[in-house]
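Coordinate inspection notes
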Amino acid sequence: MDMRVVPKTKLKLVMVGNGMAGVRTIEELLKISPDLYDITVFGAESHPNYNRILLSPVLAGEQTLDEIVLNSWDWYTDNGIHLHAGWKVTSVDRAKRLVHATNAAGETLSAHYDRLLMCTGSKPFILPLPGKNLQGVLAYRDIADTSAMIDAAAKYRHAVVIGGGLLGLEAANGLMLRGMSVTVVHVHPTLMERQLDSVAGKLLQQSLEKRGLQFLMGAQTQALLGGGGDDGRRVTAVAFKDGTQVPADLVVMAVGIRPNTELAESMRLHCSKGIVVNDTLQTVTDARIYSVGECAAHRGIAYGLVAPLFEQAKVAANHLAQFGIGRYMGSLTSTKLKVTGIDLFSAGQFMGGEGTEEIVMSDPFGGVYKKLVLKDNQLIGACLYGDTVDGSWYFKLLRDGRPIADIRDKLMFGESNIGDAGHQGHNKAAAMKDSDEVCGCNGVTKGTICKAIKEKGLMTLDEVRKHTKASASCGSCTGLVEQLLIFTAGADYSATPKTKALCACTDHGHQAVRDAIKTNKLLTIADVFAFMEWKTPNGCASCRPAVNYYLISTWPKQAKDDPQSRFINERSHANIQKDGTYSVIPRMWGGETTAGELRRIADVVDKYKIPTVKVTGGQRIDLLGVKKEDLQAVWQDIGMPSGHAYAKALRTVKTCVGSEWCRMGTQDSTQMGKDLERAMWRMYAPHKVKFAVSGCPRNCAEAGIKDVGIIGVDSGWEMYVAGNGGIKTEVAHFLVKVKTAAEVLEYTGAFCELYRTEGWYLERTVHYVNRVGLDYVKKRIVEDHAGRKELWENLQFALDGEPDPWFEFDKAAVDTRQFEAISA
Amino acid sequence: MTNEWTPICRIDDIPVLGSRRVARPQGLDVAVFRTDNNEVFALLDRCPHKGGPLSQGIVFGTSVACPLHNWTIGLCTGQAAAPDEGCTPRFEVKLTEGEVFLKSAELASLATDLTRPVAGPARRTACA
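Remember, it's a predicted structure, so these values are computed and weren't measured experimentally.

**Examining the overall build of chain B**
When its secondary structure is counted, chain B shows two helices and 10 strands. Listing the helices and strands of chain B from first to last along the sequence gives β-β-β-β-β-β-β-β-β-β-α-α. Dimensions of chain B, computed from the C-alpha atoms along their principal axes, are close to 50 × 35 × 25 Å. Here chain B holds 128 residues, and 43% of them are scored as buried.

Written as structure tokens, this is what we have:
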């Protein structure tokens, strides 16, 4: 229900500043509340909103100014926005709520506001050097600066860039590509000292020197000397404190930016490191006034990267639209350089410090350097040079604060070194051909992705996923797609909210939803949606199945399953195929069957003309191409239990022959498998669950890549958990060795219950264990004897009396009306 | 025949936030959907993407998520949600005193030429 008060006449929204963060806010606002405001925009630059981050590729000649425009003039007109481009806001009267502006011709203009959005961005810091006002001395901030640099490059030869940070290096690279002889002057001994440690900084310097840039490190600039040009007012050289000079026809100052708070201060808005805003992006001084972007200081931080600004835009828009939902909680950011062919990444406290440890891999000759900084069993910083494909993985570890003891030995080698499939082992997007496949799941090539990014103006990973489907399925190519975004669209997209929302229907993450259900004993989806203030009336296809699972796993026997919130496979208890028919996989305990069962299966295949019969990877028989209307009869005729091959549930327990027959076998693995399967079938879980039991360490049942793998040894059973044979082949971790079959049941059951009650929906055991850490699992399952027994009992309680959905329709809440069509 | 309505079922024969498929003499089924505030919509039971049966999808708001690749299709228009592009034919629905009707003319002839993708061994024969 829309509770907002819609006034008869539109409210007036005035935006000061026509940059990326502000316009994004307006776009978000128009999406959710297109008619609430009459919008007026003042922009000091005489351009529509453009992608400021892409000025470097423009300077480098890789893109044109037209290509980096984000919103055309038409966009403003089409959305009824009054744009005053080329008008600078000179003052704001907060009492009268009036904005005063002036243009280059000295004309003035005023506008009234009900809400004011301050997006004044930042301005470059200009060193107070003698000669700073000479011709040819520029900052690097906007289209005018970029155009001036391009003009200078055509006429002059010597350029000096003061500042060896991100922006300075991009400027230097661009000027060099335009034919200038470029010297970078940096006051610190190494480049990008705020983003790179000294080793990586030196590697970067070497690589840029090879390209032709010159560097003066640790150099203190004293003055800019004039006397050039026709009137003698153009810069000619840069003089240093040590008395040396470097010739310069162009000097670019790139020594940092400052939030542009001049106007805000004149309005007497509280400013400290920027315009101070709260979590709803309202200024702390005046609730009518919002501020987003580089000028806004949120919890003491003014962000200069795109992704946080877009997050701010979303929240600000929501509050401007009077929905009042959502808070901006701050962002973690990482750094990447946009110089084509140079890969570097850094995040967190990569410099190390008190109480930290470092893992370093250094191959200066090969141009690869990686440093990981650890503290208290967590990754707290990463600095990568030359090979950055794992940047997003490290960033995720850093953000999640996951304990890393159990993966420490392979941390350095990255996520992708373990059986990554689908993109031919590529780890450098720049080296790939346009025709190379990046996303093997959806068949998306590099060319397709780059084209979509350019033509549709995509800015974030999510947008690329939506438009191209690249990395939208298994996600193993996320690192590559991020690299393509950086090279093609320029921004740093890996900043992320501290908690990821479950879906667009809510701002809450999976854990918050789980916790709320448990703490407040919520028993229905409607309760959860009301309690957690869902933004949509009945959720979506992502959140409803998740919430339904959380309810039934948290409150077994109390929360009622909602079939309409389950994916079709779990609603029809069969697996939908591409032509709309279904597959049926009956349960065969431990993979053992009988002549009677096989005869019944064969008869069913004949009777219902089932086109394909296949043996599955989990040692079961799959009947493919069953019509929906035949499902009930097929189940009835086969007379075997549901195999749950369609469900987020225990699928199969794969077994080897074991000691009953095998001359090598040390344990009766088949019986163990059957016992496990009988004890835990009908067990729903966050995702599918597969077991395997081998009778000896030859491990013919491939227990090393299962959610739970049991391997018989002479003296008992070894138990392995969280393996996976799927997208990423993950070898299971050894958990414990036990003596008896009863213990195998107890430990396995307890592990499953832990995963069932703590795992996030669609998180496989491998991801769950990666998230919480193997040590935690050991603590709960191996060390805590009482806790383990309790978990195992809880699972047995949950499974006790659970129906077989192929036979007990009522109890399993199977709506049998679905099987027959209505005839018209 | 142009203005005739064919009775299909009672609204209660369709699950809330669910759907039923309606078989017709010719052409693919029609999927009838029921939202949580008891509106009824009808679309050809075929996703514009790869022909998935929309009747099997999860219904939310006035949308359905296709069971095959999770495209979101608007129930009012049959239009795929952006950035996906495509549209599935929409059938007119009349709801009178709890009885659901579809237009006889549309049942007889609307989009009867569209087919489902072929799977299984038949596909190999079809491709050969």
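**Focus on the overall build of chain A**
A tally of regular secondary structure across chain A gives 24 helices and 39 strands. Radius of gyration (C-alpha) of chain A: 31 Å, near the 28 Å computed for a compact globule of 824 residues. Based on the C-alpha atoms only, the size of chain A along its principal axes is roughly 105 × 70 × 50 Å. In chain A, of all internal contacts separated by at least 6 residues, the share reaching a separation of at least 24 is 63%.

**Thoughts on unusual backbone geometry**
Note the cis peptide between B:Ala82 and B:Pro83, where omega equals 5 degrees. Within the fold, B:Pro83 resides in the loop between strand E7 (72-74) and strand E8 (90-91). Look at A:Lys273: it is not a glycine, yet its phi comes out positive at around 60 degrees. Residue position: A:Lys273 is located in the loop between helix H7 (262-266) and strand E18 (275-277). Unusually for a residue other than glycine, A:Lys521 sits at a positive phi of about 45 degrees. Structurally, the position occupied by A:Lys521 is in the loop between helix H14 (510-519) and helix H15 (525-531). On the basis of neighbour counts, which here come to 12 C-beta atoms within 10 Å, the residue A:Lys521 falls in the exposed class.

**Let's talk about the interface of chain A and chain B**
Between chain A and chain B, the residue contacts involve 28 residues of the former and 37 residues of the latter. Breaking the side of chain A that touches chain B down by element, the ones donating at least two residues are helix H12 (461-468), strand E33 (621-626) and strand E39 (822-823) of chain A. Sheet topology places E39(A) next to strand E2 (residues 18-23) of chain B; two bridges connect them, and they run parallel. Residue A:Ile822 lies in a different strand from E2(B), and its bridge partner there is B:Val22.

**Focus: the nonpolar core**
A general trend in soluble globular proteins is that nonpolar side chains are found buried together. Grouped together as the largest cluster of nonpolar side chains are 115 residues, with contacts concentrated most on A:Val693, A:Ile710, A:Met719, A:Val721, A:Phe751 and B:Val32. Sorting elements by how many residues they give to this core places helix H21 (residues 741-758) of chain A first, with seven residues. Two domains each put at least three residues into this core: domain 4 (510-566) and domain 5 (647-803) of chain A. Every residue in contact with A:Phe751, bar those within four places of it in the chain, is listed here: A:Val708, A:Val721 and A:Ile781. The next biggest cluster of nonpolar side chains, apart from the first, holds 76 residues, and it includes A:Val92, A:Ala111, A:Leu263 and A:Ile486.

**Examining the pairing of strand E23 (residues 344-348) of chain A**
Residue and element names in this part refer to chain A. Where burial is concerned, most of E23 is hidden: five out of the five residues are buried. Inspection of the sheet shows E23 paired to strand E26 (residues 378-385) by five bridges, in the antiparallel sense. Counterpart to Ser346 in the pairing with E26 is Cys383.

**Observations regarding the environment of A:Pro247**
All names here are of chain A. Within the secondary structure layout, Pro247 lies in strand E15 (residues 245-247). Taking the number of C-beta atoms within 10 Å as the measure of exposure, Pro247 has 16 and is therefore partly exposed. Along the backbone, Pro247 and Ile576 are 329 residues apart, and their C-alpha atoms lie at a distance of 72 Å. Contact partners of Pro247, with chain neighbours within four places excluded, come to His158, Thr236 and Ala237.

**A closer look at the confidence of the model for chain A**
Across chain A, the average pLDDT comes to 90, with 95% of residues at 70 or higher. Confidence drops under a pLDDT of 50 for residues 418-422 of chain A, and excluding neighbours within four residues, the segment shows 15 contacts in the predicted structure.

**A closer look at the domain arrangement of chain A**
Taken domain by domain, chain A comprises domain 1 (11-121 + 259-326), domain 2 (137-255), domain 3 (419-498), domain 4 (510-566) and domain 5 (647-803). For domain 3 of chain A and domain 5 of chain A, the distance between their C-alpha centroids amounts to 35 Å.

**Looking at the sheet that holds strand E1 (residues 5-10) of chain B**
For sheets, the rule is that strands pair by backbone hydrogen bonds, running either parallel or antiparallel. Residue and element names in this part refer to chain B. The sheet built from three strands is open, its strands ordered E1-E10-E9 with antiparallel pairing. Unpaired on one side and paired on the other, E1 and strand E9 (93-96) mark the two borders of the sheet. Across the sheet, the axes of successive neighbouring strands diverge by a mean angle of 30 degrees, strand direction being ignored. In this sheet, strand E10 (residues 99-103) lies alongside E1 in antiparallel orientation, the contact comprising five bridges. Counterpart to Cys9 in the pairing with E10 is Val100.

**Focus: the sheet that holds strand E38 (residues 733-738) of chain A**
All names here are of chain A. Spatially, E34-E35-E36-E37-E38 is the arrangement adopted by the five strands of the open sheet, whose pairing is mixed. The sheet is open, and its two borders are formed by strand E34 (650-655) and E38, each paired with just one other strand. Across this sheet, the average inter-strand angle for adjacent strands is 15 degrees, counted without regard to direction. Along the sheet, helix H23 (residues 774-783) contacts strand E37 (716-721) and E38; its crossing angle with E38, the most-contacted strand, is approximately 20 degrees.

**Describing the pairing of strand E14 (residues 237-240) of chain A**
All names here are of chain A. As paired strands, strand E13 (residues 221-225) and E14 are joined by four bridges and run antiparallel to one another. What sits directly across from Leu224, in E14, is Val238. Across three bridges, E14 lies against E15 in antiparallel orientation. Bridging across to E15, Ala237 finds its partner in Pro247. Where E14 hands over to E15, the hairpin turn is made up of four residues, of which Gly243 adopts a positive phi near 95 degrees.

**Here we look at the environment of A:Leu598**
Positionally, A:Leu598 belongs in helix H18 (residues 595-607). Distance from A:Leu598 to A:Leu196, taken between C-alpha atoms, is 65 Å for residues 402 residues apart in sequence.

**Regarding H21(A)**
When the terminal C-alpha atoms of H21(A) are compared, their 26 Å separation across 18 residues agrees well with the 26 Å that a helix rising 1.5 Å per residue should span. Within H21(A), the full set of buried residues consists of A:Val744, A:Glu746, A:Tyr747, A:Thr748, A:Gly749, A:Ala750, A:Phe751, A:Cys752, A:Glu753, A:Leu754, A:Tyr755 and A:Arg756.

**Quick word on the environment of A:Gly355**
Mapped onto the secondary structure, A:Gly355 falls in the loop between E23 and strand E24 (357-363). The spatial distance from the C-alpha of A:Gly355 to the C-alpha of A:Lys375 is 6.5 Å, given a sequence separation of 20 residues.

**Side note on the packing of helix H1 (residues 20-32) of chain A against helix H8 (residues 306-320) of chain A**
Two quantities define a packed helix pair, namely the angle between the axes and the distance from one axis to the other. All names here are of chain A. Axis separation between H1 and H8 bottoms out at 8 Å; the angle between their running directions is 40 degrees. Comparing the axis directions of H1 and H8 gives the class oblique. In this structure, the crossing between H1 and H8 has a hand that is right-handed. In this structure, H1 contributes Met20, Ala21, Arg24, Thr25, Glu28, Leu29 and Ile32 to the contact, and H8 contributes Val306, Leu309, Phe310, Gln312, Ala313, Lys314, Ala316, Ala317, Asn318 and Leu320. Looking at the contact of H1 with H8 residue by residue, the classes come out as 11 nonpolar, three polar and three charged.

The rules behind these values
- Residues numbered from 1 in each chain as written.
- Chains lettered and ligands numbered in written order.
- Predicted model: local features only at pLDDT ≥ 70, side-chain atom pairs only at ≥ 80, totals over all residues.
- Helix = DSSP H or I, 4+ residues; strand = E, 2+ residues; numbered from the N terminus.
- Buried ≥ 20, exposed ≤ 12 C-beta atoms within 10 Å, placed from the backbone.
- Rg over C-alpha atoms; globule rule 2.2 N^0.38 Å.
- Contact = placed C-beta atoms within 7 Å.
- Pairing = 2+ DSSP bridges.
- Core = buried A, V, L, I, M, F, W, Y, C linked by C-beta atoms within 7 Å.
- Domains from an automatic or database assignment.
- pLDDT = per-residue confidence, 0-100.
- Axes fitted to C-alpha atoms, helices over the stretch in contact; angles between N-to-C directions.
- Expected span 1.5 Å × (residues − 1).
- Parallel < 35°, antiparallel > 145°, perpendicular 65-115°, else oblique.
- Left-handed = near helix turned anticlockwise from the far one by under 90°.
- Nonpolar A, V, L, I, M, F, W, Y, C, P; charged D, E, K, R; others polar.

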